Amino acid sequence: MTETTPQPRKRLYIRTFGCQMNVYDSDRMADVLAPLGYGPAPSPEEADMVILNTCHIRERASEKVFSDLGRLRVLKDAKAERGEQMVLAVAGCVAQAEGKEIVSRAPWVDIVLGPQTYHRLPEMVARAARAAGAQIDTDFPVEQKFDLLPEVRASQGPIAFLTIQEGCDKFCSFCVVPYTRGAEFSRPVAAILAEARRLVASGAREIALLGQNVNAWHGEAPDGATWDLTRLLYALAEIDGLPRIRYTTSHPRDMDAGLIRAHGAIPQLMPFLHLPVQSGSDRVLAAMNRGHKADLFLRICDELRAARPDIALSSDFIVGHPGETAADHAATMALVERVGFALAYSFTYSQRPGTPAAGQPLQVAQAEKDARLQELQALLRQQQDAFNEACVGQDCAVLFTGPGRHPGQVMGRTPWLQPVHAMGPLSLVGQTAPVRIAERYPNSLSAILLDQKELACA
Ligand code: SF4
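These numbers were taken from a predicted model, which means no experiment stands behind them. (Residues numbered from 1 in each chain as written. Predicted model: local features only at pLDDT ≥ 70, side-chain atom pairs only at ≥ 80, totals over all residues.)

### Re the UniProt feature "domain: TRAM" (unreviewed entry) in the chain
Here's step 1: The sites that carry the UniProt feature "domain: TRAM" (unreviewed entry) are, in the present numbering, residues 389–451.
Here's step 2: With 5% helix and 52% strand, residues 389–451 has end C-alpha atoms that lie 23 Å from one another. (UniProt positions renumbered as here; feature names shortened; annotations may be inferred. Helix = DSSP H or I, 4+ residues; strand = E, 2+ residues; numbered from the N terminus.)

Following this line, the structure appears as structure tokens:
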């Protein structure tokens, strides 16, 4: 806590939906409100301000937000009866997409702000306290929020997230991100390296670089040169005390040769990559406006494995995009068979208002989408289980992140991002230690701690 930070006088509760980038944004909103005297509240009931940080990716996202707002209205009214105030804010992608709709359907909301204007939150809170009526800010301002937000304050623990890029220029047919997060923006090199060093100084041992199109990042260096992600990864690998680096989420179009080679050349770059492909059919990839064919994805996977033989691959799939035929689905199944994924996320296509695919003819019947998804998920599950099974009996380094569910247990992550638990002292938290994988469960592993000298592979 700095000298200028007052002791918390008010309590803030943030409910975060969606991806890790929203978690990062929620932390930054807490940072920006701390100088106003806001500290964390354990529940909305105990809060003077509640923020719903929303996500528009999943179906019925806005309905979930409105049902939460209904419950919060009851709390807000109860507080008002006691003569107390509760400031209610909606942030994130639903706020960006449906700002006016929110205040007309839920007029008890005080603040609606899009992802690009979090730095304006203190001003909006002050205005909301003074003025009647909701404050709405869903601009894409010229000034960049990262320049105007305060430095990251709280320690995120051994695994930390660092947003380096936001927005997207790719306009996939099914996706709302280009509309809710705006054009691609890359943070400059100096700001990223300074934040990374602060995170390591506050205990981070793994940094995951975040961006909607993280491998499209191209940041300005202090000498005016433009760096790409590969160069940034090499610079981050120079930071003392940072044994692990990851980046997510990548687009196949931006996986260039240098970045693929970096996976073999930078030991700190963990052997796990999430690379969404969405479909194995060129026809569907074209309809999705993905800008690449299945072949490119397969070639990238082969080259990554040549550069880093132990790399585990993860992906995203959308089943039943408008126009997808049984043959297209079979092409997706063939791609999955060919690659073999350690992890994957798969969903049926759902219409997002305002996106190009929403209005397309040839929408696939829900029953057909469900049947295709089931078939795909069965194969992906089989591959995930096989990957985890192959780890049993292997030695690796685990970064311990906190206590386990049972007394005497500690939890951590393998280099391949699997959650793992072992019996061991809490003093291991924040350290990387060698283990032997003992058993696999549906979504995690158990391990036995090894002596450093026994470690066969890291
Ligand atoms: S690349 Fe496509 S899916 Fe990813 S954020 Fe951009 S538009 Fe959305």
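### Looking at the sheet that holds strand β14 (residues 272–274)
Here's step 1: Taken in spatial order, the three strands make up an open sheet running β14-β15-β16, and their pairing is parallel. Each end of this open sheet is capped by a strand with a single partner; those strands are β14 and β16 (343–348). With strand direction ignored, the average angle separating the axes of adjacent strands in the sheet is 10°.
Here's step 2: Sheet topology note: the strand β15 (residues 312–319)/β16 ladder contains six bridges and is parallel. Bridging from a neighbouring strand, Ile318 pairs with Phe347 of β16.
Here's step 3: Packing against the sheet, helix α13 (residues 366–391) makes contact with β15 and β16, and its axis sits at approximately 175° to β16. (Pairing = 2+ DSSP bridges. Axes fitted to C-alpha atoms, helices over the stretch in contact; angles between N-to-C directions. Contact = placed C-beta atoms within 7 Å.)

### Notes on the domain arrangement of the chain
Here's step 1: We note that the domain assignment places domain 1 (10–137), domain 2 (147–388) and domain 3 (395–454) within the chain.
Here's step 2: Spacing between the C-alpha centres of domain 2 and domain 3 amounts to 26 Å.
Here's step 3: At the junction of the two partners, domain 2 supplies 14 residues and domain 3 supplies twelve residues.
Here's step 4: Looking at the side of domain 2 that touches domain 3 residue by residue, the class counts come to eight nonpolar, three polar and three charged. (Domains from an automatic or database assignment. Nonpolar A, V, L, I, M, F, W, Y, C, P; charged D, E, K, R; others polar.)

### Comments concerning the UniProt feature "binding site: [4Fe-4S] cluster 2" (unreviewed entry) in the chain
Here's step 1: When the UniProt feature table is mapped to this numbering, "binding site: [4Fe-4S] cluster 2" (unreviewed entry) covers Cys168, Cys172 and Cys175.
Here's step 2: Mapped onto the elements, Cys168 comes out in the loop between β8 (165–166) and α6 (177–180).
Here's step 3: Classification of Cys168 as buried rests on a count of 23 C-beta atoms within 10 Å.
Here's step 4: Excluding its chain neighbours within four sequence positions, the residues that come into contact with Cys168 are Val177, Pro178, Arg181, Glu184, Gln212 and Asn213.
Here's step 5: You can see Cys172 is positioned in the loop between β8 and α6.
Here's step 6: Classification of Cys172 by C-beta neighbours within 10 Å gives buried; the count is 22.
Here's step 7: Here Cys172 is in contact with Met288, Asn289 and Arg290, once residues within four sequence places are set aside. (Buried ≥ 20, exposed ≤ 12 C-beta atoms within 10 Å, placed from the backbone.)

### Here we look at the packing of helix α8 (residues 229–236) against helix α9 (residues 257–265)
Here's step 1: Two numbers describe how α8 lies on α9: the axes approach to 8 Å, and their chain directions differ by 25°. Classified by the angle their axes make, α8 and α9 are roughly parallel. Contact residues: Leu229, Thr230 and Leu233 in α8; Gly258, Leu259 and Ala262 in α9.
Here's step 2: In the contact of α8 with α9, the residues fall into four nonpolar, two polar and no charged. (Parallel < 35°, antiparallel > 145°, perpendicular 65-115°, else oblique.)

### Section: the nonpolar core
Here's step 1: Counting residues in hydrophobic clusters, the biggest one holds 113 residues, and the most contacted among them are Met49, Ala89, Val90, Leu113, Leu162, Ile207 and Leu313.
Here's step 2: In contact with Leu313, other than residues within four places in its own chain, are Leu273, Leu275, Cys301, Val339, Phe341 and Ala342. (Core = buried A, V, L, I, M, F, W, Y, C linked by C-beta atoms within 7 Å.)

### Considerations on unusual backbone geometry
Here's step 1: With an omega of 10°, the peptide bond running from Thr248 to Thr249 counts as cis.
Here's step 2: Position of Thr249 among the secondary structure elements: in the loop between β13 (244–248) and α9.
Here's step 3: Phi is positive for Asn289, close to 60°, though the residue is something other than glycine.
Here's step 4: When you line up the elements, Asn289 lands in the loop between α10 (282–287) and α11 (294–307).
Here's step 5: A positive phi angle, close to 75°, is found at Leu417, a residue other than glycine.
Here's step 6: Within the fold, Leu417 resides in the loop between β18 (409–413) and β19 (419–423).

### Remarks on the site of the ligand
Here's step 1: Every residue near the ligand is listed here: Cys168, Lys170, Phe171, Cys172, Cys175, Val177, Pro178, Gln212, Asn213 and His251.
Here's step 2: Broken down by class, the residue content of the shell around the ligand amounts to six nonpolar, three polar and one charged. (Near = placed C-beta within 6 Å.)

### Here we look at the sheet that holds β13
Here's step 1: The strand order across the open sheet built from three strands is β7-β10-β13, with neighbouring strands paired in parallel fashion. Every other strand in the sheet has two partners, leaving β7 (159–163) and β13 as the edge strands with one partner each. Averaged over all pairs of adjacent strands, the angle between their axes in this sheet comes to 20°, without regard to strand direction.
Here's step 2: One ladder, built from five bridges, connects β7 with strand β10 (residues 206–210); its direction is parallel. Bridging from a neighbouring strand, Ala160 pairs with Ile207 of β10.
Here's step 3: Along the sheet face, helix α1 (residues 20–33) touches β7 and β10 and points at about 90° away from the line of β7.

### Here's the deal with the pairing of strand β4 (residues 87–92)
Every regular strand shows the same layout, with side chains that alternate between the two sheet faces.
Here's step 1: By the criterion of burial, β4 is predominantly enclosed, with six of the six residues buried.
Here's step 2: Judged from the six bridges that link them, strand β3 (residues 49–54) and β4 form a sheet pairing that is parallel. Within β4, the residue paired with Met49 across the bridge is Val87.
Here's step 3: The sheet contact formed by β4 and strand β5 (residues 111–113) spans three bridges and is parallel. Residue Ala89 lies in a different strand from β5, and its bridge partner there is Ile111.
Here's step 4: A crossover links β4 with its parallel partner β5, the connecting element being helix α3 (residues 93–105), and its sense is right-handed. (Right-handed = clockwise from strand over helix to strand, strands pointing away.)

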